[in-house]
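Observations on the three-dimensional arrangement
Each chain is listed here by its residues.
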Amino acid sequence: MVAKITVDKLTVNFDGLAAVKDLSLTVEENEILGVIGPANSGKTSFLKTLNRLNDLYPNSRTTGRVLLDHDDIFCRKEIQELRRRVGIVFAMPLPLPLSIFDNIAYGPRLHGVKNKARLTEIVEKSLMAAAIWDEVKNRLETSAFKLSGGQQQRLCIARTLAVEPEVILYDEPCSGLDPISTLKVEEAMRRLRQNYTQILVTNNVKQAARVSSRTAFFLMGEMVEIDETSRLFTTPKDKRTEDYITGRFG
Amino acid sequence: MKRPFEFIIEKLVLISGLASIIFVVLIFVFLLKEGLSLFGQENLWGFLFGQNWYPISDPPQFGILPLILGSFLVTLGAIIIAVPLGLASAIYVAEVAPSGIRDVLKTGIELLAAIPSIVLGFIGIVTLAPFLKNVFHLSSGLTALAGSIMLAFMAMPTIVSIIEDSIVSVPKSYKEGSLALGATRWQTIYRVILPAASSGILAAIMLGIGRVVGETMAVLMITGNAAVMPTSFLQPVRTLTATVAAEMGEAVAGSGHYYALFAIGIVLFVISFAINLLADWFLHRGKKKRKKR
Amino acid sequence: MRDTKRTEKIAFALLLAATIVVVTPVLIIFVLILFRGLPAITSEFIFAMPREGMRAGGIFPAIVGTIYLTFGTALCSIPLGILAAVYLNEYAQKNWLTRVIELAIINLAGVPSIVYGLFGLSLFVAFLGFGSSLIAGSLTLAIMTLPVIITSTREALSAVPKSFREVSFSLGASRWQTVRYVVLPNAIPGILTGTILGMSRAAGETAPILFTVAAFYLPRLPQSMYDQAMVLPYHIYVLSTQVPNVSVKIQYGTVLVLVLMVFVLNIVASYIRAKFRKKKTW
């Protein structure tokens, strides 16, 4: 196994309050790491550190080290390249007010792809990889807002894929979706396993059990436990993990 | 490594952001540059408190006290008229009027704001001045009172819209709390809403004063333009702004008269600066107070 | 109980009366200008040069001068104002510098218009040597309208949802790319509304142009941006106070033309605002 991301003593503060405390873990290449835990456990803050989206909040402060393929992400000057390599899918489907085609092409265009044929190719490939191509191929020019919630979320996955990232972060990607749409999104994630490292933050314990290869349990900014998904869910080492996955709190 | 285009645009954005500061400084510097030259031939005391404004007699006298008092008188009159009316209309629009009528009233007040001041000045000359002349049996209707009435209307959109905003932004819970205790709507308005909106009302009055003091064309056309010590509202007066507008055209560049008009500009700039800072302070105080609760 | 109800009725009646006192004059002014001004509006009045010391003929040069001046103002103030608003809304941190810029904008908005006239006279006309000219007048009016444009553009920018920016950044966009491709396109209707309103104000201003561009009587069109020009607001001033025995018809006609120009701009602005509200998808 090759480590894709190495997190070392990471602490994230907002206005002096720690959202993530002294976190160390590794994410392996081509795995799906599930991150579960109740609200305010620091899952999302952890996730948004990995592509430095927390930088957008002026009240945030980060210490510790995060390596992406041996490069410290906080030392990089060019944040844009980091964000291209580490894509994110947000909790709510957030299409831009553009057509389906332009939503997908937005990222590649930013990074200098101008050729129309090349763009068309990227859009098609990305939509296929996100398992939504068949549903939208005949209406690429319509507004992305016309799609259903589940379709919009897969569109957002496709949009993330279009910039050819190496890592994809999901921030509770199905929290606004119905069960059938959720299954479709999960199916898309499983298909992406061969080529991408994925981190799935979810408050749906069953979803982590269904999708992820390893799972980490966060509580109040600290990681309580990380293990193979099958082991974490059958024989958790920590009492708090057991309480959480059996639904006794959270 | 940043792309050079990105770098240039970022600097351009920053400079544009700073432009407002640069312009305020530039305005002040250029007013000082011309205006301070006056004080080679006239002392500050004589300028501010001299009772005679005879800029082209020989020797010239540059006392702007009559102009300051003219501005003061016209402003005072305008505020006495505008504040009660403005406050009442703002309350009516914000709290009493049914929504259909509210839109009509708001549009009317917005329209008033859109009319250029030169047009209001012209209307004042052809309607208001003859009217006042007949009512008060004057030799001319072009008086301080005419100026006050006209300026009251010009300040109205500012006053009404700011008071209305501050009434609307009073938390709904205050109002509901009061109504739930059995107070009538009117009692709620003057016991709960108006005190809560007081900062906004003060700011509105300040900004209204700022608008009135700075207004030029309408007062120039309608106040009669006599640079004498004012004694009554029914007498022609001349304001600071009107003096500059009326005389700069004839003043010879580099003469005492020219510098004196710029010195008046400094006085106006300082007054408006103070009024606006004060109004901003009131507005911020209002916001802070609300946050604390 | 009866008493408080009656007090309320009286109070509300007084409020209504005050509102009527405020709003009716507006109506009267419009009716007056429209009915007295309309008879003057002929194609000669609009498209001919003034004659007989402005007591006859048309106001064509003043109309053209106003249009030139407004365009010049827009050209200078809109790009600067939009960039300044972008700085404040998208780039600036919340620190003392931002606060100073905000105070500067508030003060620019409050500086009396005649002081802008003095400033334009000393900086553009005299110091930079432009003379009384379209360019000096445009620059003066541009600085005067800057606060309006900055404030309204800022409002339009902050109405664009934060999440759009986050999406754009997450795809690797730089700050400027985010502004250029996501924020500005979605703020354009709001920006347009604000800037058009700013221009309508500039078109009606008189005091700042008195010594920077306005010509008393110049029966030809301006030849270049270093040329003086007749402009409608100043022309109204001249007709109503400086030239004796001008017919009321010509005075009202000139006023009507200016009011129409200003209102066309206002109506366009509210049309864009209304249309945008309906179309808004987020």
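Residues numbered from 1 in each chain as written. Chains lettered and ligands numbered in written order. Predicted model: local features only at pLDDT ≥ 70, side-chain atom pairs only at ≥ 80, totals over all residues. Heavy atoms only, no water.

Within the largest apolar cluster, 214 residues are counted, with the highest numbers of intra-cluster contacts made by A:Phe46, A:Ile199, B:Val119 and B:Ile264. Apart from the residues lying within four places of it in its own chain, the contact partners of A:Ile199 are A:Ile5, A:Val27, A:Leu33, A:Val35, A:Phe46, A:Leu47, A:Leu50, A:Ile168, A:Leu169 and A:Tyr170. Ranked by size, the runner-up nonpolar core spans 33 residues in total, among them A:Val113, A:Ala158, A:Cys174 and A:Tyr196. (Core = buried A, V, L, I, M, F, W, Y, C linked by side-chain atoms within 4.5 Å. Buried < 20%, exposed > 50% of the residue type's maximum accessible area, 1.4 Å probe, protein only. Contact = heavy atoms within 4.5 Å.)

Bringing the interface of chain B and chain C into the picture now. Listed as interface residues are 74 residues of chain B and, on the opposing side, 73 residues of chain C. When chain B packs against chain C, close to 6,400 Å² is buried across both sides, 81% of that on carbon and sulfur atoms. On the surface where chain B and chain C come into contact, there are one salt bridge. One salt bridge connects B:Asp280 with C:Arg99, and the closest N-O pair in it is separated by 2.8 Å. The interface formed by chain B and chain C holds seven residue pairs in polar contact (both at pLDDT 80 or more) in total. With 21 residues, the single largest contributor to the side of chain B that touches chain C is helix α1 (residues 4–35) of chain B. (Buried area = accessible area lost by both parts, 1.4 Å probe. Salt bridge = Lys/Arg side-chain N within 4 Å of Asp/Glu carboxyl O. Polar contact = N/O pair within 3.5 Å; in protein donor to acceptor, adjacent residues only side chain to side chain. Helix = DSSP H or I, 4+ residues; strand = E, 2+ residues; numbered from the N terminus.)

Right, let's talk about empty space enclosed by the protein for a bit. All names here are of chain C. The final tally for this structure, using the stated rule, is five cavities of 30 Å³ or more. As a volume, the largest cavity reaches approximately 50 Å³. Lining the largest cavity are Thr 66, Leu 69, Thr 70, Thr 73, Leu 141, Ala 202, Ala 203, Glu 205, Ile 209, Val 231 and Pro 233. Counting only elements with at least two residues in the lining of the largest cavity, the list comes to α3 (60–91) and α8 (175–204). Among the elements that make up the lining of the largest cavity, the one with the highest residue count is α3 (four residues). Considered class by class, the residues forming the lining of the largest cavity number seven nonpolar, three polar and one charged. (1 Å grid on protein atoms, 1.4 Å probe; cavity = no way out; pocket = protein on both sides within 12 Å on 5 of 7 lines; lining within 4 Å. Points joined across faces, edges and corners; volume = space filled by probe spheres on them. Nonpolar A, V, L, I, M, F, W, Y, C, P; charged D, E, K, R; others polar.)

On to the domain arrangement of chain C. Many authors give the size of an interface as the accessible area that is lost as the parts come together. Residue and element names in this part refer to chain C. Annotation of chain C at the domain level lists domain 1 (2–40) and domain 2 (43–279). Averaged C-alpha coordinates put domain 1 and domain 2 at centres separated by 31 Å. Domain 1 puts nine residues into the contact, and the matching count from domain 2 is eight residues. Summed over both partners, the interface of domain 1 with domain 2 comes to about 800 Å²; 83% of that surface belongs to carbon and sulfur atoms. Per-residue buried area on domain 1 facing domain 2 is highest for Ile 33, Arg 36 and Ala 40; these three make up 59% of the total on that side. Taken together, the links from domain 1 to domain 2 amount to one residue pair in polar contact (both at pLDDT 80 or more). Per-class residue counts for the side of domain 1 that touches domain 2 are seven nonpolar, one polar and one charged. (Domains from an automatic or database assignment.)

All names here are of chain B. The largest bend along helix α5 (residues 117–136) reaches roughly 45° and is located at Gly 124. For α5, every residue scored as buried is listed here: Ser 117, Ile 118, Val 119, Leu 120, Gly 121, Phe 122, Ile 123, Gly 124, Leu 128, Ala 129 and Leu 132. Remark: His 137 follows α5 within two positions and exhibits a positive phi of approximately 50°. (Bend = angle between axes of the 7 residues up to and from the residue.)

Moving on to the environment of C:Leu69. Residue and element names in this part refer to chain C. Take Leu 69: it is sitting in helix α3. Classification of Leu 69 as buried rests on a relative accessible area of 4%. As a C-alpha pair, Leu 69 and Val 231 span 162 residues in sequence and 8.1 Å in three-dimensional space. Leu 69 has contacts with Leu 134, Gly 137, Ser 138, Leu 141, Ile 209, Val 213 and Val 231, leaving out every residue within four places of it along the chain.

Residue and element names in this part refer to chain A. Where strand β1 (residues 3–14) and strand β2 (residues 17–28) come together, eight bridges link them in antiparallel fashion. Counted as the bridge partner of Phe 14 is Leu 17 from β2. Here β1 folds back onto β2 in antiparallel fashion, the turn holding two residues, of which Asp 15 has a positive phi close to 50°. (Pairing = 2+ DSSP bridges.)

Before going further, it helps to examine the packing of helix α6 (residues 144–168) of chain B against helix α9 (residues 198–214) of chain B. Residues and elements named next belong to chain B. Across the interface, α6 lies against α9 with an axial gap of 8 Å and an inter-helix angle of 155°. By the angle between their axes, α6 is roughly antiparallel relative to α9. The chirality of how α6 crosses α9 is right-handed. Note on element contacts: α9 touches α6 through Gly 200, Ile 201, Ala 204, Leu 207, Gly 208, Arg 211 and Val 212, opposite Leu 151, Met 154, Ala 155, Thr 158, Ile 159, Ile 162, Ile 163 and Ser 166. (Axes fitted to C-alpha atoms, helices over the stretch in contact; angles between N-to-C directions. Parallel < 35°, antiparallel > 145°, perpendicular 65-115°, else oblique. Left-handed = near helix turned anticlockwise from the far one by under 90°.)

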